[in-house]
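Coordinate analysis (summary)
Below are the chains, spelled out letter by letter.
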Amino acid sequence: QVQVVESGGGLVQAGGSLKLSCTASGLTFDDYTMGWFRQGPGKEREGVAAIRYDGLTTYANSLKGRFTISQDNAENTLYLQMNSLKPEDTAMYYCAADRRCLGSLLSPSLYNNWGQGTQVTVSS
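Residues numbered from 1 in each chain as written. Predicted model: local features only at pLDDT ≥ 70, side-chain atom pairs only at ≥ 80, totals over all residues. Heavy atoms only, no water.

Concerning the overall build of the protein
This is how it is decided: Numbering goes from the N terminus for both helices and strands, where a helix is a DSSP run of H or I of at least four residues and a strand is a run of E of at least two. For this measure, only C-alpha atoms enter the radius of gyration; the expected value for a globule follows 2.2 Å times N^0.38, where N is the number of residues. The classification of residues rests on relative accessible area computed with a 1.4 Å probe and restricted to protein chains. Under 20% of the type maximum is buried, over 50% is exposed, and intermediate values are partly exposed. Any two residues whose heavy atoms approach within 4.5 Å are treated as being in contact.
Secondary structure assignment for the protein yields zero helices and eleven strands. For the protein, the sequential pattern of α-helices and β-strands runs β-β-β-β-β-β-β-β-β-β-β. Relative to a compact globule of 124 residues, whose C-alpha radius of gyration would be 14 Å, the protein shows 13 Å and is just as compact. Dimensions along the principal axes, computed over C-alpha positions, put the protein at roughly 40 × 25 × 25 Å. Sorting the 124 residues of the protein into buried and exposed places 44% on the buried side. For the protein, restricting intrachain contacts to residue pairs at least 6 apart in sequence, the fraction spanning at least 24 positions comes to 60%.

A word on the packing of aromatic side chains
Here is the rule we go by: Pairs were defined over the aromatic rings of Phe, Tyr and Trp, the Trp ring being its six-membered one, requiring ring centres within 6.5 Å. Orientation was assigned from the angle between planes: stacked under 30 degrees, edge-to-face over 60, tilted for the rest.
Counted under the stated rule, the structure contains four aromatic pairs. Measuring from ring centre to ring centre gives 4.9 Å for F37 and Y111, while their planes differ by 70 degrees; the resulting arrangement is edge-to-face. On the criterion of sequence distance, the pair formed by F37 in strand β4 (residues 32-39) and Y111 in the loop between β9 (91-99) and β10 (113-114) is long-range, its members being 74 residues apart. Both residues of the pair, F37 and Y111, belong to the buried class. Consider the rings of Y111 and W114, whose centres lie 6.3 Å apart with planes at 65 degrees: the pair is edge-to-face. On the basis of relative accessible area, W114 is assigned to the partly exposed category, the value being 26%. By way of ring pairs, the aromatic residues F37, Y94, Y111 and W114 are connected into one cluster.

Comments concerning the environment of F67
Inspection of the secondary structure assignment puts F67 in strand β7 (residues 67-72). We classify F67 as buried; its relative accessible area is 2%. Residues F67 and L85 lie 18 residues apart in sequence; the distance between their C-alpha atoms is 9.2 Å. Every residue in contact with F67, bar those within four places of it in the chain, is listed here: R38, V48, Y59, L80, Q81, M82, N83, L85, D89 and Y93.

Re the environment of S17
As a reminder of what qualifies: By the criterion applied in these results, polar contacts are pairs of N or O atoms within 3.5 Å in which, for protein atoms, one can donate a hydrogen and the other can accept it, and in which residues neighboring in sequence qualify only through two side-chain atoms.
The topology assignment puts S17 in the loop between β2 (10-13) and β3 (18-25). Of the residues examined, S17 reaches a relative accessible area of 39% and is grouped as partly exposed. Distance in space between the C-alpha atoms of S17 and A60 is 18 Å, their sequence separation being 43 residues. Setting aside residues no more than four positions away along its own chain, S17 makes contact with V12, Q81, M82, N83, S84 and L85. Within the structure, S17 has its side chain in polar contact with the side chain of N83 (distance 2.9 Å).

Digging into the sheet that holds β3
What counts is decided by this rule: Pairing between two strands requires that DSSP report at least two bridges joining them. To obtain an axis, a line is fitted to C-alpha atoms, over the contacting stretch when the element is a helix, and the angle between two such axes runs from 0 to 180 degrees between their N-to-C directions.
Within the open sheet, the four strands sit side by side as β1-β3-β8-β7. Their pairing is antiparallel. Whereas interior strands pair on both sides, the edge strands pair on one side only; in this sheet they are β1 (3-7) and β7. Geometrically, the sheet is characterised by an average inter-axis angle of 20 degrees between neighbouring strands, direction not taken into account. Of the pairings in the sheet, the one linking β1 to β3 comprises five bridges and is antiparallel in character.

Dropping the structure here:
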């Protein structure tokens, strides 16, 4: 069974940084596209960043330059480095996986496996 579990969220001041982790089991990154998504209060879930099974990365246009997605294949761990955090980044952050995802890598509807999320709160 494919499982992904997020960790690393917390409370941080505006301008600070956090690094989220997602540990995956039941999959290999060579066969799965991995993505980070977030959902703020009263908002729809949106794609943050994704890394395709072949290593291609993509980012939400508004976040490119502040956020970086990476993965450690040996440890089956996905990361999201978040810098220069803003209060509007406050959200529940989710890790997701899909077997060789086709189409938009930042579309939540294309992912089959989701973690429970980790809360990121950015204070002003």
